[in-house]
Amino acid sequence: MPEDYFGEAVAARYDDSEGEMFQPAAIEPVVDFLAELAAGRPALELGIGTGRIALPLAERGIRVHGIDLSEAMVARLRAKPGGEHLGVTIGDFATTTVQGTFSLAYLVFNTIMNLTTQEEQVACFQNVASHLDPGGCFVIEVHVPDLQRLPFGETIRPFHVSETRLGFDEYDIVNQGLVSHHYRAVDGTFEKRSIPFRYVWPSELDLMARFAGMTLRERWSGWKREPFTAESTKHVSVWEKTPTSS
């Protein structure tokens, strides 16, 4: 079982963030996009967390089931209005299976990078394919690796600097590794939390999808279907399970 980096200490303040991802202006386009793809049929969220996306999607009449490694995060989900009605399975979403099939599976906000090896990421696509109906879709939202912004020979890039919080990404370019270091001011000192990731390229994800019997259907730079270009900092990609795949 992979290490859980979203335990009680993180879960207790996760929803208190004032970050853009928690604002209605950021959440609504995600839910619109996913609800359109689900078309009233069941959806599977990998890394459901505290329900930032699952709960408003369920309010649209979509039956959502989630998989998540963190019992602490899921406990926060359960405590929210409507959270008790969502099915959740505790486990590693690369390999954990649930009953039934779905018209839609999705991974948002870089969560695919929580799988820190290529083998785990490939297994995730195969696991998703086994849960999708023929013609069902798998959606991933993830950053495009920003190595162009990393000066040659350097491995550290700051992503947030303020009086109360510091954030630095540390790259292992040989192994496509990335460790995000978070420093948070608490009672006059800084608490540190470091989380490992594996960054992944769009073309690499397309190949993983092909191995799992899925093909790229669409790719955008955001949830409002903005065009994906060489300057895009993230992508929202949709792969479709071909009817002949098992």
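Conventions and cut-offs
Residues numbered from 1 in each chain as written. Predicted model: local features only at pLDDT ≥ 70, side-chain atom pairs only at ≥ 80, totals over all residues. Heavy atoms only, no water. Helix = DSSP H or I, 4+ residues; strand = E, 2+ residues; numbered from the N terminus. Buried < 20%, exposed > 50% of the residue type's maximum accessible area, 1.4 Å probe, protein only. Contact = heavy atoms within 4.5 Å. Areas by Shrake-Rupley, 256 points an atom, 1.4 Å probe, with all protein chains shown as cover. Lys, Arg positive; Asp, Glu negative; His and termini not counted. Charge placed at Lys NZ, Arg CZ, Asp CG, Glu CD. Pairing = 2+ DSSP bridges. Axes fitted to C-alpha atoms, helices over the stretch in contact; angles between N-to-C directions. Parallel < 35°, antiparallel > 145°, perpendicular 65-115°, else oblique. Left-handed = near helix turned anticlockwise from the far one by under 90°. Nonpolar A, V, L, I, M, F, W, Y, C, P; charged D, E, K, R; others polar. Core = buried A, V, L, I, M, F, W, Y, C linked by side-chain atoms within 4.5 Å.

Draft legend 1. Up close: the overall build of the protein chain. Across its full length, the protein chain carries six helices and 11 strands. Counting only C-alpha atoms, the protein chain reaches 55 × 40 × 35 Å along its principal axes. Residues classed as buried in the protein chain amount to 47% of the 246 residues present. A sequence separation of at least 24 residues applies to 58% of the contacts in the protein chain between residues at least 6 apart. A total accessible area of about 12,400 Å² is found for the protein chain, and carbon and sulfur atoms account for 53% of it. Taken together, the 22 basic and 34 acidic charged side chains of the protein chain have centroids lying 4 Å from each other.

Draft legend 2. Looking closely at the sheet that holds strand E7 (residues 165–172). In space, the four strands of this open sheet follow the order E6-E7-E8-E9, with antiparallel pairing throughout. Of all the strands in the sheet, just strand E6 (156–161) and strand E9 (189–198) have a single pairing partner and so form its edges. Each strand of the sheet is rotated relative to its neighbour by a mean of 20 degrees, with strand direction disregarded. As paired strands, E7 and strand E8 (residues 177–186) are joined by eight bridges and run antiparallel to one another. Of the residues in E8, the one forming a bridge with Arg165 is Arg184.

Draft legend 3. Structural view of the packing of helix H5 (residues 118–131) against helix H6 (residues 202–211). The geometry of H5 relative to H6 is characterised by a closest axis approach of 8 Å and an angle of 50 degrees between their N-to-C directions. In terms of orientation, H5 lies oblique with respect to H6. As H5 runs across H6, the sense of the crossing is right-handed. Residues Gln118, Gln121, Val122 and Phe125 of H5 touch H6, and the partners they reach there are Glu204, Leu205, Met208 and Ala209. Residues of the contact of H5 with H6, tallied by class, amount to five nonpolar, two polar and one charged.

Draft legend 4. Examining the nonpolar core more closely. Membership of the largest hydrophobic core comes to 34 residues, with the highest contact counts inside it found for Leu46, Ile112, Cys124, Phe125, Phe138 and Met214. Of all the secondary-structure elements, those providing two or more residues to this core are strand E1 (43–46), strand E4 (102–107), H5, strand E5 (132–143), E9 and H6. The biggest single contributor to this core is H5, with five residues. Residues in contact with Cys124, not counting those within four places in the same chain, are Leu46, Phe93, Ala94, Leu107, Ile112, Leu115 and Phe138. Ranked by size, the runner-up nonpolar core spans 28 residues in total, among them Val31, Ala38, Leu77 and Trp223.

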